[in-house]
Amino acid sequence: MRAGEPAPGPPGPALPALAPLALAAGLAPLLLGWIAVAPNRLLSPRPAALAETGPVLLAWALFHAALLALLLAAWRPRPNWLPEGAAVLAILALAATVGLGTAAGLPPGAAAARAAPAAGAWVALLALALATAAASALRGGTPAIPLLAALLGIGALGAAGLLDSLSLVREAQGRAADLRAALAGHLALSAAALLLALLAALPLAALSLSRPRLEAAFLGAASGIQVIPSIALFGLLIAPLAALASAFPGLRAAGLGGIGPAPAVIGIAAYLVLPLGRGVLSGLRVASADLVEAARGQGLSPGQALWQLRLPLGAGVMLGALRLAAVQAIGLATLAALVGGGGLGAVVFQGIGQLASDLILLGVLPILALSLAADAGIALLARVAPGGS
Amino acid sequence: MIAFEGVFHRFGAVQALEDVTFAVPTGTLCVVLGESGSGKSTLLRTVNRLVEPAAGRVLLGGKDVAGADPQALRRGIGYVIQSVGLFPHRSVAGNIATVPRLLGWDRARTEARTDALLEMVGLDPATFRDRRPATLSGGQAQRVGLARALAADPPVLLMDEPFSALDPGTRRGLQAALRRIHAGTGKTILLVTHDLEEALALAGRIAVMAQGRLAAEGTPAAVLGPGAPEPLRRMIRPGTLALHRLAALPAAGAAAEGPAPGAPALPPGATLADALLLMLDRGADRLSFAGNPGRHLGMAAILRAAAP
Amino acid sequence: MRRRATLLALEALAFLAALWAAPRAGALWHALFPEVARPTYLQDPWFALLGSHLALSLGAVAIAAAIGLPAGILATRPGGRRLRPVLDAAFSLAQGLPPVAAIALALPLLGFGTAPTLLALVLYAALPFLRAAVSGLEAVPPAALDAATGLGMSPWQRLWEVELPLARPVLLSGLRLAVTLSVATTAVGAVAGAPCLGTPIVTGLANANPSYVLQGALFTAWLALLLDRALALLAAPLAPGEAP
């Protein structure tokens, strides 16, 4: 999920890296439990045994088969997408086992009972996520893509009803409207911040291309902002924005008040100016000065040089910076809820307030999914662009 | 001083060394000559155990190197490499003091030794002592590398293509410095190179390596003699073997009794190749020896020495 | 450089003076926020908040260094090189998860207070150290390593005398990054109950008291900037090529 992947390594000794992870994924559920059940909301969940129905056993077997495939694929990665594929399959089988195992394991008619994955399942999930990312990196691909695939797969399982007994899913179904609004709000915040940052960074970067002092000042100020904790920046923006809103009542009507999305969007945008500014400058400079001069010598105007030379050649670098900024924006938007900006952070803070892990997860998992989607999406876009990664 | 006995080594599928056996007498400057991939560097690195041979023994001062502690062994051997490998974060003096530091020498002794070594390699101590490696030219850096290798006064010096990365003029300067140091200290030096001229300029003995095997070993003249092996012939321009042989033979060795008044004079230390070139230059078929009027050198003697 | 250090010291004194003055500057806060009934933050002594903020952030950085640096060193040893893909994968995953989410996830396990924040802090701050150790050690010129071994240094001596000194600038920039991350994440930890300079911000937001928010935000931002500049000063004169 970073801008820029490591160079693809030779197929071969991936085993040392992936084997311990596969083993951990296999052992953790055995040692720490697959599922945990609590008879009601007040008691904490206790590890419970998986019910031994047909579907559960099938999923369980598939999980272990996938782990074996992962070990084998790590030894001989042919075809080279096999380790990642096996890891993703294992994740899906894990989710299916947990989902089906809880459905069968809950006492019938126990409406207040809550079932959740146990520590063993979480550890296995983490190990498999690391294995997926590591396998992808070894192959020279983008880790975000298979991870996103796994997440979407789990979503598909959920849509098919396999995960309905998990308290997490039940909670989600109950709050579907709220979650959708939070998701939309989160996307809106991130997108607005990105746009605002681009509006600031693009012209400044273009102007700085041949003005070293402007560049130093521009990048220096943008770097200085990175040091300020985001919660502090948002907090500092509240008072001036509130003052502006009282001076110009029209602003408040438009939603730009002290409390609300405004301090969050402006604050996030401030942080994004550095990666975007740097990225645009580096991208524009991929076309070397000599190349541009040669083009000008052939009769290209500065504008044509920009469109036909600098932008195509620099597209890869610039998209890489956009990717970084997008992931950052989504992460930073989590805190927007503190200053009244809404978004998925609101769900997380609700969960913190109630000490409810389900609610926290319902906030965190979509944030993770959005990050992965942005990362993978822009990475794919970059592959299509000329001169891209 | 150094002896190789049936040394074998493989790198994967490649036989890097195959049954190499020869000895380097104490005090000799022995050049291991070969093309890339001939195993010459590998052979050098078996002496200080940077490479552990698959089979065979390497003896240093009569003792098998495999029996010694690797670090102690290496501290007693000087090691110079092509890319120099000076420590960028230490000054020149700090670099030279590396092994004395490891051996626990006191500061005064180390500083005195550092200055002496800088003089020995031709660098002014006052100017260079506190310089940083990044500010040195290629030739200066390698001189410091040489000083660093000599710091603890090891009896043996291993040099792996030390001058190959330098331009010809700098290279000649360093070769001269090395000859001086060798003459002055009498150390045993094993030097690896792919450059025949360098071998001829420095060597007391030459060992020719090709594809992991020892192709020939002996004095330069012997190695370039009638039995010169194919790998060696491949290293020189066709037809120039005789000329190289002449360059390895001192003119004084082919001198005949009797004066040659009026003949051009050969300077001391001239080789037969120098003599031939002087004859061609002056259009003479006899030369006299500067500083030894009672002897002369004729064209016939040169032809005999060059005879394949 | 000395001038910059003096200026920085003066600024730090100003910071401390401001912390002392804040609870006593009622008139100022009233003037800035006339509509707020109680604009002066008196719930916790500012110095106590500063103390616990520093203790938490810097303590976490120390623990993170103790984890991240050795791990980075191991990852660059011949045996540990196979761990690299897994480490890179861990970086990737961590970057997609904002620190507040990590704190939130640790909360059900560790309860309210300092513990979940400390856990999240250590995990996040370890990453810059790990990365710095790996990239710094990998950038050491191989020729220097070959020479070091050939001259008779043991692997430990090589690490201590050659590799680490040459990696030092990168390591120091990793430290700077870790501290910045740590100070910021600690501030967020206020939502999970960690006492720090972020606490007035969270309290202010919860109680619609913009004066608290401003004061908390001001001091948090100022602390972060001070520490960053102090570390920059520390790293600056130790670039390779200068006298140690």
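Throughout what follows, the structure given in this document is the object of discussion. (Residues numbered from 1 in each chain as written. Chains lettered and ligands numbered in written order. Predicted model: local features only at pLDDT ≥ 70, side-chain atom pairs only at ≥ 80, totals over all residues. Heavy atoms only, no water.)

Take a nonpolar patch on the surface next. Residues and elements named next belong to chain A. A cluster of nonpolar side chains, namely L23, L27, L30, L31, L32 and V123, defines an oily patch on the protein surface of about 610 Å² accessible area. Of all the elements, helix α1 (residues 15–32) adds the most residues to the nonpolar patch, at 5 residues. One can find L30 in helix α1. Residue classification places L30 among the exposed residues on the basis of a relative accessible area of 64%. (Patch = residues over 30% accessible without salt bridge, like charges linked within 9 Å, V, L, I, M, F, W, Y side chains within 5 Å. Areas by Shrake-Rupley, 256 points an atom, 1.4 Å probe, with all protein chains shown as cover. Salt bridge = Lys/Arg side-chain N within 4 Å of Asp/Glu carboxyl O. Helix = DSSP H or I, 4+ residues; strand = E, 2+ residues; numbered from the N terminus. Buried < 20%, exposed > 50% of the residue type's maximum accessible area, 1.4 Å probe, protein only.)

Before going further, it helps to spend a moment on the side chain of T203 of chain C. All names here are of chain C. Its location among the elements puts T203 in helix α9 (residues 199–206). Classification of T203 by relative accessible area gives buried; the value is 15%. Not counting residues up to four positions away in its chain, the partners in contact with T203 are Q43 and Y212. (Contact = heavy atoms within 4.5 Å.)

Turning to the sheet that holds strand β3 (residues 114–117) of chain A, a few remarks are in order. Residues and elements named next belong to chain A. Read across the sheet, 3 strands follow the order β2-β1-β3 without closing on themselves; strand pairing throughout is antiparallel. Single-partner strands in this sheet number two, and they are β2 (46–48) and β3. Within the sheet, the average angular offset between the axes of one strand and its neighbour, ignoring direction, is 40°. Note: strand β1 (residues 35–38) against β2, 3 bridges, orientation antiparallel. Counted as the bridge partner of I35 is A48 from β2. (Pairing = 2+ DSSP bridges. Axes fitted to C-alpha atoms, helices over the stretch in contact; angles between N-to-C directions.)

With that settled, consider helix α13 (residues 302–332) of chain A. The end-to-end C-alpha distance of α13 of chain A is 37 Å, clearly below the 45 Å that 31 residues give at a rise of 1.5 Å each. Where α13 of chain A bends most, at A315 of chain A, the angle is about 55°. (Expected span 1.5 Å × (residues − 1). Bend = angle between axes of the 7 residues up to and from the residue.)

Opposite the 38 residues of chain C that make contact, chain A presents 41 residues. Approximately 3400 Å² of surface area, both sides summed, lies buried where chain C meets chain A, with 85% of it carried by carbon and sulfur atoms. Between chain C and chain A we count 0 salt bridges in total. Where chain C packs against chain A, one counts 0 residue pairs in polar contact (both at pLDDT 80 or more). Looking at the side of chain C that touches chain A, the elements that each hand over two or more residues are α4 (84–95), α5 (99–110), α8 (155–188), α9 and α10 (210–235) of chain C. Of the residues contributing to the side of chain C that touches chain A, the split by class is 29 nonpolar, 5 polar and 4 charged. (Buried area = accessible area lost by both parts, 1.4 Å probe. Polar contact = N/O pair within 3.5 Å; in protein donor to acceptor, adjacent residues only side chain to side chain. Nonpolar A, V, L, I, M, F, W, Y, C, P; charged D, E, K, R; others polar.)

Our focus in this paragraph is the interface of chain B and chain C. Every contact between the two is made by 22 residues of chain B and, on the other side, 22 residues of chain C. Taking both partners together, chain B and chain C bury about 1800 Å²; carbon and sulfur atoms supply 63% of that area. Among the residues of chain B in contact with chain C, F87, H89 and R132 of chain B are the three that bury the most area, contributing 27% of the side total. Seen at the junction of chain B and chain C, the total is 3 salt bridges. Between E161 of chain C and R90 of chain B there is a salt bridge whose closest N-O contact spans 2.4 Å.

What follows covers the arrangement of the chains. Pairwise contact counts over the 2 pairs of chains in contact peak for chains A and C. No interface is formed between chain A and chain B, the nearest pair of C-alpha atoms being 16 Å apart.

We now examine the pairing of strand β14 (residues 292–298) of chain B. Successive side chains on a regular strand alternate, one facing one side of the sheet and the next facing the other. All names here are of chain B. Inspection of the sheet shows strand β11 (residues 256–257) paired to β14 by 2 bridges, in the antiparallel sense. Note on β14: the bridge partner recorded for E257 is R295. Across 4 bridges, strand β13 (residues 286–289) lies against β14 in antiparallel orientation. Along β14, the bridge assignment pairs R286 with G298. Count of turn residues in the β13/β14 antiparallel hairpin: 2 residues, of which G291 carries a positive phi of about 90°.

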